[in-house]
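# Observations on the model geometry
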Amino acid sequence: MKYKARLSLDVVFKYIFKATGFLVLALLGGILAMLIYNSFSFFLDVKPLDFITGMEWNPTGKVPKYGMLPLIISTTIVTFGAMIIAIPLGIGTAAFIAEYASPRLKNILKPTIEMLAAIPSVVIGFLGIVVVSPGIASLADLSNGLNALNGAILLAVMALPTIITVAEDAIHAVPKTYKEASYGVGATKWQTLLNVVIPAAAPGIIAAVMLGVGRAIGETMTVLMATGNASILPSSMFDSVKTMTATIAIEMGEVPYQTTHYFALYAIATVLFIMTLGANLLGEYFINRFRKYHAQ
Amino acid sequence: MKTKLFAENLNISFGAKQVLNNINVNFAENQITALIGPSGCGKSTLLRSFNRMHDLSPDAKIDGRLQLEELDLYSKTVPVTEIRKRIGMVFQKANPFPKSIYENIAYGLKINNLPHDKAVIEKALREAFLWEEVKNDLKMPATRLSGGQQQRLCIARAVALRPEVILMDEPCSALDPVSTLKIEDLITHLKEKYTIVIVTHNMQQAQRIADKTVFMYLGEVKEEGPTAQLFRNPVNEMTANYINGHFG
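Residues numbered from 1 in each chain as written. Chains lettered and ligands numbered in written order. Predicted model: local features only at pLDDT ≥ 70, side-chain atom pairs only at ≥ 80, totals over all residues.

Per an unreviewed UniProt entry, the recorded name for chain B is Phosphate ABC transporter ATP-binding protein PstB, and the organism is Sphingobacterium tenebrionis.

Rules: UniProt positions are given in the numbering used here, feature names are shortened, and annotations may be inferred rather than shown by experiment.
Naming follows an unreviewed UniProt entry, where chain A appears as Phosphate transport system permease protein of Sphingobacterium tenebrionis. Among the UniProt annotations of chain A, the heading Subcellular location (unreviewed entry) holds the following wording: "Cell membrane". For the record of chain A, the UniProt heading Sequence similarities (unreviewed entry) holds the text "Belongs to the binding-protein-dependent transport system permease family. CysTW subfamily."

Put into structure tokens, the structure is as follows:
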């Protein structure tokens, strides 16, 4: 009888785990279905092409305008700006930790950087308002510094831990034999890093960057607090911008239920989802290539 | 015979672990010297101390004199890159760069600011007996070559820099017998121009190619001498046991 009890317990747990697995899948599927379903309701009123290419976002005007191009461009320049700052800084730090830092320094740096990822985004946004934005304003002689550049700097800070951690793993995983071969023919540490280690770690570094991009595109609270939220077409990094995420967060609370405007926010979310999914898939693709390459 | 490379009163430890114990050994110019001994006896550690590969291990402590002719290999005034250019190395597992065959040879030349035109590359590949096999595929990734070809490419890469000494750390241990014989043939030719020190676990290999053999055990040189003599009439009992396969 004891044996039978053990056997049935085994079966019970198999079904419990199966249920949890499917529950998660169902949740994700449900979210996706809800996004798409509500987006369709929106596209009954507004043509998808007009939505994507429209130059004006003003859903509460006399004639509501649902052009999300300014939002897409805002998200793009803030993300792009963040990456211009975070990529060289991140790869440089990763190379330093993996190749140059003493074991003791490494033991301090790595957890510190990982802790950076634990700072709530609202705190980063707060720092943006009280520190970075006044700094930009006084340096660039503007009335205020709540603009795309401010958002980019803060997002760079937020993407750095991801980029550094993944890139450091990639650089660290380059086989020692490659490095020995390079040192063996008289290369310096820098020559080895530049010509052998970084090319060998490239897939992992690209993955790190893509994951950083995914993080930056999806970030909401920080950009909402720090970029000024003017839904106009920005012409430079010093213009105030309203990103897709901030638009959803700001307007969702005030929009009447099941109006075109309400559905429009779902449509924005769908476009956002496609963008982050794209960045993450690209990142995953390069991570897998990187793994394959090192399995040899 | 002129001594090209030597170690005097050499002690090496990693952390608390003493790996080499008062080693005195010399290597004659244009000769092949084989280092033999059971695993963990310090052969590779000794080999790697000559081109300062231990610089990469922060806990390595090296004590004693190592010289390439008059040059003190651990002198503060000599850049380590210069030493590695003059003392080339071939590793146990063929380790071509993940680049093309051509780039694999050109890399070392480029970083040392030496000419790296096609004629130089061809000469190095010919010297490594590889040219005929790869002359039409110079742009091919080096990793697509067979194991033996990869190892000959690594030898070509070392030879391209015109070193004075080539250190070889069990270069055939991962190869089949045919590739091994090819490499042995190559090594025998190379001694006309270079001084060669080779670590090997293969007794037959040492007898086939080495002019002199050094037997090491537990971090000490137990016996050394002309290869034929050492294998025929070993003086030390441990040497006799080892070469007859009683331990190791």
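### A word on the overall build of chain B
Here is the rule we go by: Strands here mean DSSP runs of E at least two residues long; helices mean DSSP runs of H or I at least four residues long; both are numbered from the N terminus. Each radius of gyration reported is based on C-alpha atoms, and the globular scaling rule is 2.2 Å times the count of residues to the power 0.38. Buried means a residue has 20 or more other C-beta atoms within 10 Å of its own C-beta, exposed means 12 or fewer, and partly exposed covers the counts in between; C-beta atoms are placed from the backbone. Once C-beta atoms have been placed from the backbone, residue pairs whose C-beta atoms lie within 7 Å are recorded as contacts.
Regarding its fold elements, chain B presents 10 helices and 10 strands. Over its C-alpha atoms chain B spans a radius of gyration of 18 Å, differing by no more than 12% from the 18 Å that the globule rule assigns to 248 residues. The burial tally for chain B puts 46% of its 248 residues in the buried class. Taking the contacts inside chain B whose residues are at least 6 apart along the sequence as the reference set, 67% of them involve residues at least 24 apart.

### Focus on the overall build of chain A
Helix and strand counts for chain A come out as 11 helices and 2 strands. When the helices and strands of chain A are listed from N to C terminus, the series reads α-α-β-β-α-α-α-α-α-α-α-α-α. Here the C-alpha coordinates of chain A stretch approximately 75 × 75 × 35 Å along the principal axes. When the 296 residues of chain A are sorted by exposure, 40% land in the buried category.

### A short note on the packing of helix H3 (residues 101–111) of chain B against helix H6 (residues 147–160) of chain B
All names here are of chain B. Basically, it comes down to this: To obtain an axis, a line is fitted to C-alpha atoms, over the contacting stretch when the element is a helix, and the angle between two such axes runs from 0 to 180 degrees between their N-to-C directions. An angle counts as roughly parallel when it lies under 35 degrees, as roughly antiparallel when it exceeds 145, as roughly perpendicular when it falls between 65 and 115, and as oblique in every other case. With the far helix as reference, a near helix turned anticlockwise by less than a right angle produces a left-handed crossing, and one turned clockwise produces a right-handed crossing.
Orientation of H3 relative to H6, taken along the N-to-C sense of each, is 30 degrees, at an axis distance of 8 Å. Between H3 and H6, the angle is such that the two are roughly parallel. Crossing angle aside, the handedness with which H3 passes H6 is right-handed. The residues of H6 that touch H3, namely those facing Ile 101, Asn 104, Ile 105, Gly 108 and Leu 109, are Leu 153, Ala 156, Arg 157 and Ala 160.

### Structural notes on the nonpolar core
Heads up, the condition is: Any set of buried Ala, Val, Leu, Ile, Met, Phe, Trp, Tyr and Cys residues joined through C-beta atoms within 7 Å is what this text calls a nonpolar core.
Counting 134 residues, the largest nonpolar core has A:Leu155, A:Ile163, A:Ala167 and B:Ala156 as its most contacted members. Sorting elements by how many residues they give to this core places helix H6 (residues 148–172) of chain A first, with 17 residues. Once you skip the residues sitting within four places of it in the chain, B:Ala156 turns out to touch B:Ile105, B:Ala124, B:Leu125, B:Glu127, B:Ala128 and B:Leu130. Membership of the second largest hydrophobic core comes to 16 residues, among which are A:Phe42, A:Ile248, A:Ala264 and A:Ile268.

### Let's talk about helix H4 (residues 118–127) of chain B
Residues spaced three or four apart along an α-helix face the same direction, because each turn holds 3.6 residues. All names here are of chain B. Stated precisely, the cut-off is as follows: For this quantity, the arc is that covered by the directions from the helix axis to the C-beta atoms.
Looking at H4, one finds that the buried residues are Ile 121, Ala 124 and Leu 125. Taken down its axis, H4 places every buried residue within 95 degrees of arc, on the same side. At its buried positions, H4 is contacted by H3, helix H5 (131–134) and H6. Phe 129 occupies a position one or two residues after H4 and carries a positive phi of about 55 degrees.

### Here we look at the UniProt feature "domain: ABC transporter" (unreviewed entry) in chain B
UniProt tags residues 5–243 of chain B as "domain: ABC transporter" (unreviewed entry). Annotated as residues 5–243 of chain B, this span is 37% helix and 27% strand, and its ends, taken at the C-alpha atoms, are 26 Å apart.

### Topic: the interface of chain B and chain A
Quick reminder of the rule: Classification convention: Asp, Glu, Lys, Arg as charged; Ala, Val, Leu, Ile, Met, Phe, Trp, Tyr, Cys, Pro as nonpolar; all other residues, Gly among them, as polar.
Chain B puts 18 residues into the contact, and the matching count from chain A is 14 residues. Contributions of two or more residues to the side of chain B that touches chain A are made by helix H2 (80–86), strand E6 (87–90) and H3 of chain B. Among the residues forming the side of chain B that touches chain A, the class breakdown is 8 nonpolar, 6 polar and 4 charged.

### Let's talk about the UniProt feature "domain: ABC transmembrane type-1" (unreviewed entry) in chain A
When the UniProt feature table is mapped onto this chain numbering, "domain: ABC transmembrane type-1" (unreviewed entry) sits at residues 72–283 of chain A. Helix makes up 78% of residues 72–283 of chain A and strand makes up 0%, while its end C-alpha atoms are separated by 21 Å.

### Some remarks on the packing of helix H3 (residues 69–100) of chain A against H6(A)
Residue and element names in this part refer to chain A. It is the contact of H3 with H6, at a shortest axis distance of 6 Å, that shows an interaxial angle of 35 degrees. Where H3 crosses over H6, the handedness of that crossing is right-handed. Residues belonging to the contact of H3 with H6 are distributed by class as follows: 24 nonpolar, 7 polar and 2 charged.

### Some words on the sheet that holds E6(B)
Residues and elements named next belong to chain B. Condition: Strand pairing is assigned whenever DSSP detects at least two bridges linking the two strands.
Read across the open sheet, the 6 strands follow the order E6-E7-E8-E3-E9-E10; overall the sheet is mixed. Across the chains shown, the open sheet's two edge strands, defined by having one partner strand only, are E6 and strand E10 (220–226). Ignoring strand direction, the axes of neighbouring strands in this sheet form an average angle of 20 degrees. This element, H6, spans E6 and strand E7 (165–169) of the sheet and lies at about 175 degrees to E6.

### Re the sheet that holds strand E4 (residues 60–68) of chain B
In spatial order, the strands read E2-E1-E4-E5 (chain B); together these 4 strands make up an open sheet with antiparallel pairing. Of all the strands in the sheet, the pair left with one neighbour each is strand E2 (17–28) and strand E5 (71–72) of chain B.

### Notes on the UniProt feature "transmembrane region" (unreviewed entry) in chain A
Residue and element names in this part refer to chain A. Per the UniProt annotation, the sites labelled "transmembrane region" (unreviewed entry) are residues 12–37, 68–101, 113–136, 148–171, 192–217 and 262–282. Secondary structure content for residues 12–37 is 100% helix and 0% strand, while the C-alpha to C-alpha distance between its ends is 36 Å. The distance from the first to the last C-alpha atom of residues 148–171 is 32 Å, and the span holds 100% helix and 0% strand.

### A few points about the domain arrangement of chain A
All names here are of chain A. Going by this rule: Where each domain begins and ends is defined by an automated method or by a domain database.
For chain A, the assigned domains read domain 1 (2–45) and domain 2 (57–295). Between domain 1 and domain 2, the C-alpha centre-to-centre distance is 31 Å. The interface of domain 1 with domain 2 comprises 8 residues on the first partner and 8 residues on the second. Considered class by class, the residues forming the side of domain 1 that touches domain 2 number 4 nonpolar, 3 polar and 1 charged.

### With respect to H3(A)
Stated formally: Expected helix span is taken as 1.5 Å per residue step, with the number of steps being one fewer than the number of residues. The quantity called bend is, for any residue, the angle between two axes fitted respectively to the seven residues ending at it and the seven beginning at it.
Its 32 residues give H3(A) an end-to-end C-alpha distance of 44 Å, which sits within 8% of 46 Å, the value for a rise of 1.5 Å per residue. Along H3(A), the sharpest change in direction is near 30 degrees and occurs at A:Ala86; proline A:Pro88 comes one to four residues later.

### Notes on the pairing of strand E3 (residues 32–36) of chain B
All names here are of chain B. In terms of residue burial, E3 counts as a mostly covered element, since 5 of its 5 residues are buried. Across the two faces of E3 the burial is the same, with Ile 32, Ala 34 and Ile 36 and Thr 33 and Leu 35 all buried. In the sheet, E3 pairs with strand E8 (residues 195–199) via 4 bridges, with the strands oriented parallel. Bridged to Ile 32 within E8 is Ile 196. In terms of strand pairing, E3 meets strand E9 (residues 212–217) through 4 bridges, oriented parallel. When the sheet's bridge partners are listed, Ile 36 is paired in E9 with Phe 215.

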